[in-house]
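# Descriptive analysis of the structure
Take a look at the letters that make up each chain.
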Amino acid sequence: MLNFILKRLGLAVLVALTVSAISFSLLFMAGDPAAALAGEQATDVDIEAIRRLYGFDRPMIVQYWEWLSRALQGDFGESYYFRLPVADLIMERLSITMTLGVCGISFALLTAVPLGVVAAIRPNSLIDRFALFLSVMGQAMPSFWFGLMMIVVFSIQLNWLPPSGTKTWVHFIMPTIVLGYYAMPAIMRLTRAGMLDVLGSDYIRTARAKGAGEGRVLFKHALRNAIIPVVSLAAVQMGFMLGGSIVVESIFALHGAGYLAWESIGRNDLPTVQALILVFSMFYIVFTFLSDVLNAWLDPRIRVA
Amino acid sequence: MSEPVLSVRNLRLDIPIGAGTLHAVRGIDFDLDRGETLCIVGESGSGKSLTSLAIMDLLGKRIERKADKLVFDGTDLTKAGARKMRALRGDRMAMIFQEPMTSLNPAYTIGDQLMEALLLHRKVGKAEARRRAVELLEKVGITGAERRLSQYPHQLSGGLRQRVMIAMALMCEPELIIADEPTTALDVTIQAQILRLLVDLTREMNVAMILITHDLGVVARVADKVAVMYAGELVEAGTAKKVFDAPMHPYTRGLLRCIPVPGKTERGSELGSIPGIVPSLVGEVSGCVFRTRCEEATEACRGEIPFRESADGRHNFRCVHEAGRRAGVEEPA
Ligand SMILES: Nc1ncnc2c1ncn2[C@@H]1O[C@H](COP(=O)(O)OP(=O)(O)OP(=O)(O)O)[C@@H](O)[C@H]1O
Ligand code: SF4
Ligand SMILES: [Mg+2]
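Throughout what follows, the structure given in this document is the object of discussion. Small disclaimer: the values here were computed from a predicted structure and weren't measured. (Residues numbered from 1 in each chain as written. Chains lettered and ligands numbered in written order. Predicted model: local features only at pLDDT ≥ 70, side-chain atom pairs only at ≥ 80, totals over all residues. Heavy atoms only, no water.)

### Description of the packing of aromatic side chains
Inspection of the entire model under this criterion finds 11 aromatic pairs over all chains. Measuring from centroid to centroid gives 5.3 Å for B:Y251 and B:F290, while their planes differ by 70°, and the two rings are edge-to-face. With B:Y251 in helix α10 (residues 250–255) and B:F290 in the loop between α10 and β14 (307–309), this pair connects stretches of sequence that are 39 residues apart. The exposure class of B:Y251 is buried, given its relative accessible area of 0%. For B:F290, a relative accessible area of 3% gives the class buried. One aromatic cluster in this structure is built from A:F24, A:Y64 and A:W67. It is A:K220 that lies over the ring of B:Y108; its NZ or CZ is 4.9 Å from the centre. Seen from the ring of B:Y108, A:R224 lies directly overhead, with NZ or CZ sitting 6.0 Å from the centre. (Phe/Tyr/Trp six-rings, centres within 6.5 Å; stacked < 30°, edge-to-face > 60°. Helix = DSSP H or I, 4+ residues; strand = E, 2+ residues; numbered from the N terminus. Buried < 20%, exposed > 50% of the residue type's maximum accessible area, 1.4 Å probe, protein only. Lys NZ or Arg CZ within 6 Å of the ring centre and 35° of its normal.)

### Quick word on the site of ligand 2
Taken together, B:H249, B:P250, B:C288, B:F290, B:R291, B:C294, B:E296, B:C301, B:C319, B:V320 and B:H321 form the complete shell of residues around ligand 2. Residue classes in the shell around ligand 2 are distributed as seven nonpolar, two polar and two charged. (Near = heavy atom within 4 Å. Nonpolar A, V, L, I, M, F, W, Y, C, P; charged D, E, K, R; others polar.)

### Description of the site of ligand 1
Residue and element names in this part refer to chain B. Near ligand 1 you find 15 residues, and of these S44, G45, K48, S49 and L50 are the closest. The backbone of G47 places a nitrogen or oxygen atom 3.0 Å from an oxygen atom of ligand 1. Between ligand 1 and E181 there is a distance of 3.3 Å, counted from an oxygen atom to a side-chain nitrogen or oxygen. Taken by itself ligand 1 offers 640 Å² of open surface, and the protein chains cover 64% of this. Those elements that provide at least two residues to the shell around ligand 1 are β3 (20–26) and α1 (48–56). In terms of residue count, the dominant contributor to the shell around ligand 1 is α1 (three residues). Here the shell around ligand 1 is built from residues that sort into five nonpolar, six polar and four charged. (Polar contact = N/O pair within 3.5 Å; in protein donor to acceptor, adjacent residues only side chain to side chain. Areas by Shrake-Rupley, 256 points an atom, 1.4 Å probe, with all protein chains shown as cover.)

### A look at the interface of chain A and chain B
With 20 residues of chain A in contact, the opposing surface of chain B contributes 27 residues. Interface area for chain A against chain B, summed over the two sides, is near 2,200 Å², with a carbon-plus-sulfur share of 58%. Of all residues in chain A, A:R205, A:A209 and A:K210 bury the most surface against chain B, accounting for 28% of the area lost on that side. Viewed at the interface, chain B and chain A are joined by two salt bridges. (Contact = heavy atoms within 4.5 Å. Buried area = accessible area lost by both parts, 1.4 Å probe. Salt bridge = Lys/Arg side-chain N within 4 Å of Asp/Glu carboxyl O.)

### With respect to the pattern of salt bridges
Tallied over the entire structure, the rule returns 37 salt bridges over all chains. Put simply, A:D202 and A:R205 hold a salt bridge, and the shortest N to O gap is 3.6 Å. Separated by three residues within a single helix, A:D202 and A:R205 lie in helix α9 (residues 202–209), roughly one turn from each other. Here A:R205 falls in the partly exposed class, since its relative accessible area comes to 27%. A salt bridge links B:E299 to B:R302; its shortest N-O distance comes to 3.7 Å.

### Quick word on α1(B)
All names here are of chain B. A large share of α1 lies buried, amounting to seven of its nine residues. All of the buried residues along α1 are K48, T51, S52, L53, A54, I55 and M56. A positive phi of about 60° marks D57, the residue just after α1.

This is how it looks when you write it as structure tokens:
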């Protein structure tokens, strides 16, 4: 187990380094950063001065090293737009993104797992078809369209839910559904497929032969095995959601990290964009690693070698 | 004589498939006394597993079970509901399957799974269940039983897992154990050990056993009674001695062409192969299903086939010919 975790950890660190290099080089791919900073009316001399001031004239590797070691200490530089430390800016916005992510994945799990289990117990039944319909819809509808439709129906026409903002938990209802619905189809189908597979297995027949009741067979013997891949999928999805809530946050004007990213791209605020890309990637890497660990911990065949 | 522990009359199993119905099992009759071992033999697909699952009521909803009589230990199984069957399964009747590698739940320890068998049926505490689990692991010849309890199935070899399955089947001291090819999936070198263990323990604990096997050598050594199945029918049944000494049905004779003799028969001699194909069992099945391969077949074999019972009921077979041979044809020297 320890060996397994160390291997995965090493892999995660390698991926993180690669991502950091890419997000660092972003600053230069977007054009001359000194020119961008100096503004349109700047003369060549001004630009040269800014280049030296910000250290853009030094070798790339040195700049990267400096940037990385500062980033590791939580210093991502200063936002071009807000003239505030990027780290503070992000920290402030992250709690909204995290809340949304946790609500979204919970919503997805709480709807997808029961639906997947019932669909597997009664394949081709009405409820199975309904689950399939929901999952196809979830995959076909882009989040922005679904979000806008929700606003049209529940905010504008019915006036039940606020269309934007983060003041109360009611404000989070629609964003949670839109974000969660994005993760639901995959979780539902993996639960269904896993349960169907496990329910046909020999050890389920053994459990029945022992005299175990249906509830016990389903939940103790079957779900325990079918849920293992679902848990790790959910962890990966969670990583996606924290980084991928840009669309949902923009639609519902939730001022989270995703919304900040959207704004910062528009304002050419490169240090902020750079840091956000790094943070979102780290979420993804951390949750993928967590998913591997959870998987190993839930499956004795990996845990107990 | 006391009541048989299991009494089966005219057991039929129908499986709806597409347009028609597969009459997978059509007429099984036998009695099994306490502590007796019945071996069921027959080609692959002859309905042996279906028959055993039907007794345990583990067939699933799709397969329809009918029987004139299906009485186990005083309980009419044709009338027993799901709750009654659950109470019997694992307690009074237990089953051992062919695949030890996949028959144990990978997510739980050996101890959990053994103890569950007892805890489901007896009002005992965890400690008592644990004690019983250790006792049975020792009984099936597993060393370091205490330590094994906390191990997972994947940490055990196939032979050990099948020993665990045997221990699990015996947890509640059942009246009947059904073992469906319990050694087929195991290494040849340990097949004999596991079988010996099963036979010894069922004898010692006076448990009746239905043993499904392809190995006629095994049948010759362990069976009290033999049932021969062909294409879903019981074609011959009787005490092992009678069936081996004087097989009546042409199919049984085909199987025993290289007649196994107790003690002398080589282990692993497979069922003799008889040329020809099995007819479709979808839709109405009439006449003798063996007639496409039978050396003794006549026109009459297309009609009604009588089930011939011996005077004492201890040797029965299904054939138009009174002695299982065409009249006037002498047995080849
Ligand atoms: N669920 C099912 N649906 C359709 N047909 C089935 C089903 N279960 C069994 N059968 C068919 O019923 C027949 C009897 O199957 P069964 O498993 O009882 O054979 P068997 O005698 O145990 O064979 P083997 O020696 O290979 O284990 C086979 O032809 C099989 O294809
Ligand atoms: S009934 Fe006819 S076909 Fe069937 S076993 Fe007897 S002789 Fe052969
Ligand atoms: Mg079988």
